[in-house]
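Chain and residue survey
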Amino acid sequence: MPKTILLVILTTTVACRSTGNSQELASLESDTCPENEGFGLLGSESRQKVTDRISDFKILAGQCSEVARKNFSGLLQQQNYVCSCLKIGMEAFLFAEREKEALGHHSDKVECLRHCHWQAQMTCRWSQEIASDLADVREEDSRSAQDSERDQYHNRLGRSFMSQHDDLARLKGLTCYGKATAGSHYILASSLCASYDS
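Note that the coordinates shown come from a computational prediction; the quantities given were computed from them, not determined experimentally.

Notes on the environment of H154
Relative to the elements of secondary structure, H154 occurs in helix α7 (residues 145–165). When its relative accessible area of 0% is taken as the criterion, H154 is described as buried. Along the chain, H154 and R114 lie 40 residues apart, while their C-alpha atoms are 8.7 Å from each other.

This is the structure:
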């Protein structure tokens, strides 16, 4: 097969997959968030990165729904939680993606930042108990016991930072996202991150 035809086929396949994923993201957004609310992602590049990981976020949506049913009796409360839960998951993912270059694409540190940021923000927005519930559900189907143990350690670091340091003067006035960012950088700078090397 000539290279030009192969290139056209590959380009078309990637474009179709991207369009399908974008539609899935839009559907996930409308299905999980109250009317006039959305994931609020800034810029098409960020939205594209999330779209590329749509299957992961669909799994997260199911896990958020499970925790919502356990912790909230009202349907509106459940919907607000699931929408918030997904937004926070996306924000933690995008935060870690943005930090990759500064960290030299060091996957251990990127994973540490993502988990710490995610659980710190969930703790700030909801509670330590509800954040922990979601983290536990998330790790139930982990394929690697070793990676799961490290993920849970980083999750605990994020929750612990937020519950212990939320009243610090330097965190006053920050949003939950800002507090989670400060906490994640503090944890990284304090060399508390575990290694994911086998």
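From this point, the discussion proceeds with the structure in view.
Considerations on the pattern of salt bridges
Close approach of charged atoms allows side chains of opposite charge to pair. What the rule picks out here adds up to eight salt bridges. The residue E111 makes a salt bridge to R114 at a minimum N-O spacing of 2.6 Å. Separated by three residues within a single helix, E111 and R114 lie in helix α5 (residues 107–125), roughly one turn from each other. The exposure class of R114 is partly exposed, given its relative accessible area of 24%. Among the ionic pairs, D147 bridges to R150, the shortest N-O distance being 3.4 Å. Note that D147 and R150 are positioned in helix α7 at a spacing of three residues, about one turn of the helix.

With respect to the packing of aromatic side chains
Under the defined criterion, the tally for this structure stands at five aromatic pairs. With 5.8 Å between their ring centres and 70° between their planes, F57 and F93 make a pair best called edge-to-face. Linking F57 in helix α3 (residues 54–71) with F93 in helix α4 (residues 75–99), this pair joins segments that are 36 residues apart in sequence. Residue F57 is classed as buried on the basis of its relative accessible area, which comes to 6%.

Rules used throughout
Residues numbered from 1 in each chain as written. Predicted model: local features only at pLDDT ≥ 70, side-chain atom pairs only at ≥ 80, totals over all residues. Heavy atoms only, no water. Helix = DSSP H or I, 4+ residues; strand = E, 2+ residues; numbered from the N terminus. Buried < 20%, exposed > 50% of the residue type's maximum accessible area, 1.4 Å probe, protein only. Salt bridge = Lys/Arg side-chain N within 4 Å of Asp/Glu carboxyl O. Phe/Tyr/Trp six-rings, centres within 6.5 Å; stacked < 30°, edge-to-face > 60°.

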